[in-house]
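# Topology and contacts: notes
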Amino acid sequence: MRFRHPDGSIVHLSYCTNVHPAETLDGVRAQLRDHCEPVRRRLGRDRLGIGLWLAREAARVLINDPAELRALRAELDSRGLEVVTLNGFPYEGFGADEVKYRVYRPDWTEPERLAHTTDLARLLAALLPDDVTEGTISTLPLAWRTPYATDPGAAGTARAALTTLAQRLDALAELTGKSIRIGLEPEPGCTVETTADAIAPLTDVGHERIGICVDTCHLATSFEDPDTAFDALTAAGIPVVKSQLSAALHAEHPHLPEVRTALAAFAEPRFLHQTRTSTAAGLRGTDDLDEAVAGGALPDSTPWRAHFHVPLHAPPAPPLTSTLPVLRTTLARLVGGPVPLTRHLEVETYTWQALPAELRPRTRTQLADGIAAELTLARDLLVDLGLKELP
């Protein structure tokens, strides 16, 4: 979906396909047929943006076979789908029964991460619509905090990898005329947990094609103030490459038994749900929601937030809620000013099938309806900020 900002530039809105697990190219094609095109039809649009997730196996097939890449581009066109951004965070296995810590490997100290991200950049340059010259890719925020923090050479290795990537992106732009930018995506528990944590390593790399991807669920989980975050990024000259529109789980009174019971329903075995609370002594947290719910690991006199991407249009029932207000504030800052801070927005609720059983979609139809409802809410927020939806 495309929107014209009051400054005349085009802002793209998509939804991320990591909600539809697929490791192979055939699986990706099935996603386009069974999910993405039906969502487009529900929205009544001739064209729908998707933030494509290409696992390692699918990406390698496309890199090694130009005919397959041309066929994928043709299928996107025929189904009324367009790709301006990729989710390069998960490497493989995102549809596994248990993902948890595995999603952070390989990290930016390992050569496989650089190789895969380079592949994704080359693929995105080929998949961009003819009238679009800029693509973006989100990636993990260097590494999970351990063992990175205890390895004295980790920071230098990661910096060297990102510097090499920047050089490759420059060469790709010269070759294709397409500018591909990469955004580190701060996430609780990682080496770069907050936007503030991103400033030093991105300043060290110091390249316009390497910036930040702001995920509004992660921002909220870490209790970051959006205005403070963007003021600091702007002052440091760090570009906001893209933003993922998402909402975290919020518990205002975690000391109450009924609140603990409600939170426990969201503690599930597939994904990691880092949980945080902001205290007078600073941010406190656990690596997963079940640790927090069990008691003793977190102070419960202040609100808790958990890294659980809840559907934008459907916050959980009381006594829980979502951090949708943080998303609204962030979006106003991103695109509500005289010039957009980013032009690539991506709805990323990948946890539909991890929701408590009574909230989980049971059919493809129900899932498509839910995704379309999320995109409709995001569209309405953009229009309220003065952007004009384009055909």
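Scroll up to find the structure.
Now for a description of the structure that goes with this document. In this text, all values refer to a predicted model and were calculated from it rather than measured experimentally.

About the thresholds
Residues numbered from 1 in each chain as written. Predicted model: local features only at pLDDT ≥ 70, side-chain atom pairs only at ≥ 80, totals over all residues. Heavy atoms only, no water. Helix = DSSP H or I, 4+ residues; strand = E, 2+ residues; numbered from the N terminus. Polar contact = N/O pair within 3.5 Å; in protein donor to acceptor, adjacent residues only side chain to side chain. Contact = heavy atoms within 4.5 Å. 1 Å grid on protein atoms, 1.4 Å probe; cavity = no way out; pocket = protein on both sides within 12 Å on 5 of 7 lines; lining within 4 Å. Points joined across faces, edges and corners; volume = space filled by probe spheres on them. Nonpolar A, V, L, I, M, F, W, Y, C, P; charged D, E, K, R; others polar. Expected span 1.5 Å × (residues − 1). Buried < 20%, exposed > 50% of the residue type's maximum accessible area, 1.4 Å probe, protein only. Arc of directions from axis to C-beta.

### Describing the side chain of threonine 275
Checked against the element boundaries, threonine 275 lands in strand S10 (residues 275-279). A distance of 3.1 Å separates a polar side-chain atom of threonine 275 from the backbone oxygen of histidine 273. With residues near it in sequence (within four places) discarded, threonine 275 still touches Arg284, Gly285, Thr286, Asp288, Leu289, Ala292, Leu298, Trp304, Arg305 and Ala306.

### Things to note about empty space enclosed by the protein
Once rolled over the atoms, a probe with the size of a water molecule shows which space is left empty. Evaluation of the coordinates by the stated rule reveals five cavities of 30 Å³ or more. Roughly 170 Å³ of volume is contained in the largest cavity. Every residue lining the largest cavity is counted, 19 residues in all, and those nearest its centre are Phe94, Val103, Glu187, His307 and Tyr350. Residues of the lining of the largest cavity, tallied by class, amount to nine nonpolar, five polar and five charged.

### What about unusual backbone geometry?
A cis geometry characterises the amide bond from arginine 105 onward to proline 106, with omega recorded as -10 degrees. Here proline 106 lies in the loop between strand S4 (81-87) and helix H4 (111-127). Phi at lysine 100 is positive, roughly 40 degrees, even though this residue is not glycine. By secondary structure assignment, the location of lysine 100 is in the loop between S4 and H4. Even without a glycine there, the phi angle at leucine 142 is positive, about 75 degrees.

### A word on helix H3 (residues 66-78)
Counted at 1.5 Å a residue, the expected span for H3 with its 13 residues is 18 Å, and the 18 Å between its end C-alpha atoms agrees. Within the span of H3, buried status applies to Leu69, Leu72, Arg73, Glu75 and Leu76. Take H3 and look down its axis: the buried residues cluster within an arc of 160 degrees, on one side only. Those residues of H3 that are exposed and aimed more than 90 degrees away from the buried face are Arg70 and Ser78. If you follow the buried residues of H3, they end up packed against helix H1 (25-43), strand S3 (48-52), helix H2 (56-64), S4 and H4. If you check the start of H3, you find a side-chain oxygen 3.1 Å away from the backbone N of alanine 67, and it comes from aspartate 65. Two residues or fewer after H3 comes glycine 80, characterised by a positive phi angle close to 70 degrees.

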